[in-house]
Amino acid sequence: MIDPEKILASQRGAVPRYTSYPTAPHFSDQAGLAIARSRLQRLPANEAVSLYLHIPFCDRLCWFCGCHTKHTLKYAPVEAYVGALIREMATVRETAGRRLRLAHLHLGGGSPSMLRQPDFERLSQALRDNFNLDAATEISVEIDPSDVTDETLTGLVALGVTRASVGVQDFSDAVQEAINRPQTFEQTRDVIAALRETGIHSLNIDALYGLPLQTEERLVSTIDKVLSLAPDRIALFGYAHVPWLKKHQTLIREEDLPGTMDRFRHAGLAADLIAAAGYDRIGIDHFAKPGDTMAEAAREGRLFRNFQGYTTDACRTLIGLGASSISSYGDAYVQNIVPTSQYEKTVLDGGLSATRGIQLSLDDRIRAHMIERLMCDFSISFDGLEQKFGYAARPYIAEAKLAAAGDCHGLTEVDETGFRIREQARPFTRIVASWFDAYLNESSVRYSKAV
Ligand SMILES: C[S@@+](CC[C@H](N)C(=O)[O-])C[C@H]1O[C@@H](n2cnc3c(N)ncnc32)[C@H](O)[C@@H]1O
Ligand code: SF4
């Protein structure tokens, strides 16, 4: 019998979200610039890449927010930043020596929806000047509904956006007040209708559990409202309370936060409601309609994980532009300069803004694959591991067998074909993934709750 209380009380109750392995705190200072330059110069001809553009600005500051963003009431800094992003695109083209073909483009933040129409148009032009986009290029954007005006919609059309992800979090007044994020259901519903009218064919909604003053009743009411909007995908994240990293989270009263076991119950309750409405469960925190490309990818073992979470994007290379963005080059990760002003100065001087980075060793690559498969499929196929890494996989298969044998909580099972997380233990996937994390024990980094 699995005992959630015992598992969550263990020292592995706080672990990374594994949007990469090794995780960002283990990137080394200054290693990134040389890696970024050499990888861009050596990209195979014709290989399509993905691009992430980070917009680190918001016109409100939600107290729960864990993103790299800055509250601004003035628009001038945002306009100046867009100029820097455009310069960085040109530097990437110059470094690569050609216009790279884009399979996916994602604008995240912060709130890309606070860009004004002329800036969407400038970005759209610069993207087309510096990269090759075609009808198959997927363009997605994160939207704060409180930003959206007719001008925003025109801007999104100019950019050619095909997918949108809309932030909801929670619809009850008490929770919204406790997190400083007023947002009515009607406002959200109208924005979603308007986005659909522009031709955006795929919509995701973000909801959160673990928020202050959230009760079962409030969560159920939020999920019912989210379901009434019929999004193609839903992301149900657990609120990561990390006030030692995000000072504004100290504005949230700790006594208002649900306890660990309440979080666990709330996560299960919301997930069951979404699944009962006909959505497939995807990984640890996503849901998709069965006909959605993410649900198809999950069924076929083609789901991946990148810095934005779950993705169907199979490109080896993801180039992150903008302050704090992380790029992935298959065998290396690189993070851009985090402070916006320093980032802008570096790129406007014509440089790449990569700073911290890590080149993955063979051990890192094998563990990264094992952790990604656990996060996406809840299992590691031993055949799959051997096909990818040959004999080098053997010690890791032995390690997985040992891990299952020593699993006193009964979360996993193993046989000759593979290592699996039991169905009832899926909420603890991050904990099981952490067993294969070679950096965890040697680090003093503090993480958010595992569930
Ligand atoms: C960049 S925001 C989404 C776009 C837009 N800024 C908005 O808030 O509507 C990305 C998502 O991250 C999630 N998020 C932000 N802070 C979080 C935290 N501390 N813990 C868990 N999820 C968080 C929220 O669900 C949010 O919608
Ligand atoms: S949740 Fe979204 S709108 Fe709120 S501060 Fe964070 S990025 Fe900005």
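One can find the structure itself at the top, above this paragraph.
Conventions adopted
Residues numbered from 1 in each chain as written. Chains lettered and ligands numbered in written order. Predicted model: local features only at pLDDT ≥ 70, side-chain atom pairs only at ≥ 80, totals over all residues. Heavy atoms only, no water. Near = heavy atom within 4 Å. Polar contact = N/O pair within 3.5 Å; in protein donor to acceptor, adjacent residues only side chain to side chain. Areas by Shrake-Rupley, 256 points an atom, 1.4 Å probe, with all protein chains shown as cover. Axes fitted to C-alpha atoms, helices over the stretch in contact; angles between N-to-C directions. Helix = DSSP H or I, 4+ residues; strand = E, 2+ residues; numbered from the N terminus. Parallel < 35°, antiparallel > 145°, perpendicular 65-115°, else oblique. Contact = heavy atoms within 4.5 Å. Nonpolar A, V, L, I, M, F, W, Y, C, P; charged D, E, K, R; others polar. Buried < 20%, exposed > 50% of the residue type's maximum accessible area, 1.4 Å probe, protein only. Phe/Tyr/Trp six-rings, centres within 6.5 Å; stacked < 30°, edge-to-face > 60°.

By nearness alone, 20 residues border ligand 1, and Phe64, Ser111, Gln169, Arg181 and Asp206 come closest of all. In this structure, Phe64 approaches ligand 1 through a main-chain N or O atom, which is 2.8 Å from a nitrogen atom. Gln169 is positioned such that a nitrogen or oxygen atom in its side chain is 2.7 Å from an oxygen atom of ligand 1. Across the complex, the protein chains shield 88% of the 570 Å² of accessible surface that ligand 1 would expose by itself.

Once that is clear, we can look at the packing of helix α3 (residues 76-96) against helix α4 (residues 117-130). Close contact between α3 and α4 brings their axes to 9 Å; oriented N to C, the two are set at 5 degrees. Relative to α4, α3 is oriented roughly parallel. Only Asp119, Arg122, Leu123, Ala126, Leu127, Asp129 and Asn130 of α4 make contact with α3, whose side of the interface consists of Glu79, Val82, Gly83, Leu85, Ile86, Met89, Ala90 and Arg93. Split into classes, the residues belonging to the contact of α3 with α4 amount to 8 nonpolar, 2 polar and 5 charged.

Relative to the helices and strands, Ser327 is located in strand β15 (residues 326-328). Classification of Ser327 by relative accessible area gives buried; the value is 3%. Linking Ser327 and Ser140, residues 187 residues apart in sequence, is a C-alpha distance of 17 Å. If we ignore the near neighbours within four places in the chain, the residues touching Ser327 are Phe307, Leu318, Ile319, Gly320, Ala332, Tyr333 and Val334.

What follows covers the packing of aromatic side chains. For any pair of aromatic rings, geometry is given as the distance between the ring centres together with the angle between the planes. If you walk through the whole model with that rule in mind, you get 8 aromatic pairs. Between Tyr21 and Tyr439 the ring centres are 5.7 Å apart and the planes differ by 70 degrees, which places this aromatic pair in the edge-to-face class. Of this pair, Tyr21 sits in the loop between α1 (4-9) and α2 (32-41) while Tyr439 sits in the segment after α15 (429-434), and the two are 418 residues apart along the sequence. Grouping residues by exposure puts Tyr21 and Tyr439 together as buried. With centroids separated by 5.6 Å and ring planes inclined at 40 degrees, the aromatic side chains of Tyr81 and Tyr343 adopt a geometry described as tilted. Of this pair, Tyr81 sits in helix α3 while Tyr343 sits in helix α11 (residues 340-348), placing them 262 residues apart in sequence. Classification of Tyr343 by relative accessible area gives buried; the value is 0%. By the ring-pair criterion, three or more aromatic residues cluster together here, those being Phe27, Phe307 and Tyr333.

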